[in-house]
Amino acid sequence: MAEGTVPDEAARHTEKKARIKAARDRMMAEKTGEKGLILVLTGPGKGKSSSAFGMVMRAISHGMPVAVVQFIKGAMATGERDFLLTHFPDLCEFHTMGEGFTWETQDLERDRAAAARAWVKAKDLIRDKRNRLVLLDEINIALRYDYLNIAEVVDFLRSEKPEMTHVLLTGRNAKPDLIEIADLVTEMTVVKHPFRQGIKAQAGIEF
């Protein structure tokens with residue numbers, strides 16, 4: 001018994017936790033389904049791509065082949081890309097197909113063309129049943145600016161995604177049509193961010 005715990009308190013605690021465990025065991029016993037998921041990480045807060053690459057690493061740790069298509073990020077080196085290509089080239093196919101942030105390119109047709117090329121590559125990777133998880137990093141930004149047709153993306157995910165393939169889509173301002181078909185949607189919110197205090201993006205945190 002923990003120091004300072006009276007017998008009645010300890011007994012109530014044990015009884016309460018036993019009820020919780022029994023209820024959770026019943027709930028888990030009912031969850032037997034398995035399928036390839038459509039997962040959306042969106043919202044204005046930091047952490048969407050970071051969380052997505054955590055899932056990529058988790059899949060790789062299970063020996064599951066994965067593929068990444070980056071829709072906006074361009075030539076700038078990032079820690080996640082360098083790490084995955086250096087250490088897991090046999091399990092991770094990585095395609096950086098954007099040309100940087102839209103305010104850098106300042107060319108609508110060029111941005112649309114880059115997004116279209118990335119979407120063609122993404123479809124090929126999703127169709128390949130060897131890939132158990134495909135990350136479409138920042139595709140929501142391309143959809144937000146109508147570089148891609150949301151109806152086409154939704155229709156493809158509904159009709160052509162292999163049954164056991166997970167597809168993970170990131171970027172703020174996810175379209176309602178995408179949210180509707182997703183199995184999991186998480187919205188990142190901003191509470192505090194160092195950029196607002198004049199701190200620049202830093203290696204190991206932002207890239």
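Residues numbered from 1 in each chain as written. Predicted model: local features only at pLDDT ≥ 70, side-chain atom pairs only at ≥ 80, totals over all residues. Heavy atoms only, no water.

Let us now look at the overall build of the protein. When its secondary structure is counted, the protein shows 8 helices and 6 strands. Taken against the 2.2 N^0.38 rule, which gives 17 Å for 207 residues, the C-alpha radius of gyration of the protein at 21 Å runs more than 25% over that of a compact globule. Counting over 207 residues, the protein shows a buried share of 39%. (Helix = DSSP H or I, 4+ residues; strand = E, 2+ residues; numbered from the N terminus. Rg over C-alpha atoms; globule rule 2.2 N^0.38 Å. Buried < 20%, exposed > 50% of the residue type's maximum accessible area, 1.4 Å probe, protein only.)

For the rest of this paragraph, the subject is the layout of surface pockets. Regions of empty space are outlined by a rolling probe, equal in size to a water molecule, passed over the atoms. Of the pockets and cavities examined, the second largest pocket occupies roughly 220 Å³. Residue lining of the second largest pocket: Lys35, Leu37, Leu39, Met55, Arg58, Ala59, His62, Met64, Leu133 and His166, and that is the complete set. With 3 residues, the single largest contributor to the lining of the second largest pocket is helix 2 (residues 48-61). (1 Å grid on protein atoms, 1.4 Å probe; cavity = no way out; pocket = protein on both sides within 12 Å on 5 of 7 lines; lining within 4 Å. Points joined across faces, edges and corners; volume = space filled by probe spheres on them.)

Evaluated as defined, the whole model comprises 4 aromatic pairs. Where Trp119 meets Phe156, the ring centres are 5.4 Å apart and the plane angle is 80 degrees; that geometry is what we call edge-to-face. Highlighted residues: Trp119 in helix 5 (residues 108-127) and Phe156 in helix 7 (residues 150-159), separated in sequence by 37 residues. For Phe156, a relative accessible area of 4% gives the class buried. (Phe/Tyr/Trp six-rings, centres within 6.5 Å; stacked < 30°, edge-to-face > 60°.)

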